[in-house]
Structure formats: structure tokens, C-alpha cells
Amino acid sequence: MWTSSEVMALLRIKRATLCGYCRKGLIPHLRMPDNSYRFNSAAIRAWIASRSNG
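Basis of the calculations
- Residues numbered from 1 in each chain as written.
- Predicted model: local features only at pLDDT ≥ 70, side-chain atom pairs only at ≥ 80, totals over all residues.
- Heavy atoms only, no water.
- Pairing = 2+ DSSP bridges.
- Helix = DSSP H or I, 4+ residues; strand = E, 2+ residues; numbered from the N terminus.
- Buried < 20%, exposed > 50% of the residue type's maximum accessible area, 1.4 Å probe, protein only.

(A) A look at the sheet that holds strand β3 (residues 37-39). Strand order in this open sheet of three strands is β1-β3-β2, and the pairing throughout is antiparallel. With one partner strand each, in any of the chains shown, β1 (2-3) and β2 (30-31) form the two edges of the open sheet. Bridge analysis of β1 against β3 gives two bridges, and the strand direction is antiparallel. Each residue of the ladder has a partner; that of T3, found in β3, is R38.

Given below as C-alpha cells:
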């Protein structure tokens, strides 16, 4: 599982952008009990690949 900071670094986006993607359901994520986000690394890689292919 990756943290928001790790995904932000990977995608080179700001926290507000990542949070917006999560709120809109545009990126696969899990919402934790403390309201933070966590990201499955395989799901994020697949999401990136799907966006890269067209």
C-alpha cells in the first residue's frame, strides 16, 4: 500500500489534485478510518497504464 505522498510523487501532482481525483472516484483508493487515503500499488500501476494507452 502506498501513501498519498508516494502517489503524489509518482504522478507529480499536488495534494489537492490527488484528493480531488479520490473524491471524484477517478483514481483507485481506500479511505482509512482516520480519513487518510491509501493506494494499492498494483491498482495504481494499472490505472497509470490504462491512461497511457489512450
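(B) Structural view of unusual backbone geometry. Even without a glycine there, the phi angle at R12 is positive, about 55 degrees. Using a relative accessible area of 78% as the deciding quantity, one classes R12 as exposed. Non-glycine residue N35 carries a positive phi angle of around 75 degrees. Mapped onto the elements of the fold, N35 is located in the loop between β2 and β3. Here N35 falls in the exposed class, since its relative accessible area comes to 52%.

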